[in-house]
Amino acid sequence: CKAGVRRIALITGPPSFYGQHVFARKMDQRMNVVARFEGPFQRKTGRHAYHMLMHQPELKLDAIVCTVVMQAHGLLQATPNFESSSPAPILAINDSMPFMHLLPIPIVSVVNNITALADGCVNTLLSMLENQAAGQIQSPITPLSLFPSHIEYNKAFAALRQRGED
């Protein structure tokens, strides 16, 4: 990865939520998950994860991935001073985090475009209905047409990313 991420801690919601389960499984397949925390979609899950991670410095984390922004808020609340851990791990979030550009730690987030998602679903369904009425075979649905998203990051992450490209 351009930012040098190899070892991550994954903070996620309960596996009974399908989206969380899929996201966590993809992270397991693509990254070296050295610590995992599952819990409610609340700040206390992030706070608990932070306290557990601070007792395991041998993990040498490159990033902490939160599948829920509230868990990331809890993680940040529990952190007295991220600058004291050098280098600070990247915080990756599966949603937008307000004011992340003001924080000195590297933060990156994937933000889903819900309006475009709804439009994509409606357009796909209408196309399927029109094709069915015309007796045509429907082409497969591509995930990118249904799940539009974009990446947001702060200055600290941009600096890491720039060093990775050099």
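Heads up: these notes are all about the structure in this document. Keep in mind that what you see is a predicted model, and the values were worked out from it rather than measured.

A word on the side chain of Thr12
Here Thr12 is to be found in strand S1 (residues 7–12). Filtering out sequence-adjacent residues up to four positions away, Thr12 remains in contact with Gln20, Ala24, Arg36, Phe37, Glu38, Gly39, Thr67 and Gln71.

A few points about the sheet that holds strand S4 (residues 90–93)
Read from one edge to the other, the open sheet built from 6 strands follows the order S2-S1-S3-S4-S5-S6, with strand pairing classed as mixed. Of all strands in the sheet, those with a lone pairing partner are strand S2 (32–38) and strand S6 (149–153), marking the two edges. The mean inter-strand angle of the sheet, taken between neighbouring strand axes irrespective of direction, is 20°. Of the pairings in the sheet, the one linking S1 to strand S3 (residues 63–66) comprises 4 bridges and is parallel in character. Bridge pairing in S3 links Ile11 to Cys66. The strands touched by helix H2 (residues 43–54) within the sheet are S1, S2 and S3, with S2 carrying the most contacts at an inclination of about 135°.

Describing the nonpolar core
In terms of nonpolar packing, the biggest core is built from 22 residues, with Ile11, Leu53, Ile64, Leu91, Ile93, Met97 and Ile107 touching the most fellow members. The element that contributes the greatest number of residues to this core is helix H3 (residues 69–78), accounting for 4 residues. The contact partners of Ile11, leaving out residues within four places of it in the chain, are Phe37, Thr45, Ala49, Ile64, Val65, Cys66, Thr67, Gln71 and Leu75. Formed by 11 residues, the second largest nonpolar core is a distinct cluster that contains Val5, Ile8, Ala24 and Met27.

Here we look at H3
For H3, the set of buried residues is Val69, Gln71, Ala72, Gly74, Leu75 and Ala78. Packed against the buried residues of H3 are S1, H2, S3 and S4.

Some points on the side chain of Thr67
Structurally, Thr67 can be placed in the loop between S3 and H3. Judged by its relative accessible area of 4%, Thr67 is buried. Sequence-distant contacts of Thr67, that is, excluding residues within four places in its chain, are made with Leu10, Ile11, Thr12, Gly13, Gln20, Phe23 and Asn94.

Here we look at the packing of aromatic side chains
Applying the stated criterion across every chain yields a total of 1 aromatic pair. Each ring, one from Tyr153 and one from Phe157, has its centre 5.6 Å from the other, and the planes form 55°; the classification is tilted. Overall, the relative accessible area of 10% leaves Phe157 in the buried class.

Some thoughts on the pattern of salt bridges
Taken as a whole and assessed by the stated rule, the structure comprises 2 salt bridges. Its salt-bridge partner being Arg36, residue Asp28 comes within 2.2 Å of it at the nearest N-O pair. Among the residues examined, Arg36 registers a relative accessible area of 32% and is labelled partly exposed. The residue Glu38 makes a salt bridge to Arg36 at a minimum N-O spacing of 3.9 Å. On the basis of relative accessible area, Glu38 is assigned to the partly exposed category, the value being 45%. Salt bridges sharing partners connect three or more residues here, namely Asp28, Arg36 and Glu38.

Regarding H2
For H2, built from 12 residues, the straight-helix expectation of 16 Å at 1.5 Å per residue is met to within 8% by its first-to-last C-alpha distance of 17 Å. Every buried residue of H2 is listed here: Thr45, Gly46, Ala49, Tyr50 and Leu53. Buried positions in H2, seen along its axis, are confined to an arc of 135° and lie on one side of it. For H2, the elements touching its buried residues are S1, S2, S3 and H3.

Conventions and cut-offs
Residues numbered from 1 in each chain as written. Predicted model: local features only at pLDDT ≥ 70, side-chain atom pairs only at ≥ 80, totals over all residues. Heavy atoms only, no water. Helix = DSSP H or I, 4+ residues; strand = E, 2+ residues; numbered from the N terminus. Contact = heavy atoms within 4.5 Å. Pairing = 2+ DSSP bridges. Axes fitted to C-alpha atoms, helices over the stretch in contact; angles between N-to-C directions. Core = buried A, V, L, I, M, F, W, Y, C linked by side-chain atoms within 4.5 Å. Buried < 20%, exposed > 50% of the residue type's maximum accessible area, 1.4 Å probe, protein only. Phe/Tyr/Trp six-rings, centres within 6.5 Å; stacked < 30°, edge-to-face > 60°. Salt bridge = Lys/Arg side-chain N within 4 Å of Asp/Glu carboxyl O. Expected span 1.5 Å × (residues − 1). Arc of directions from axis to C-beta.

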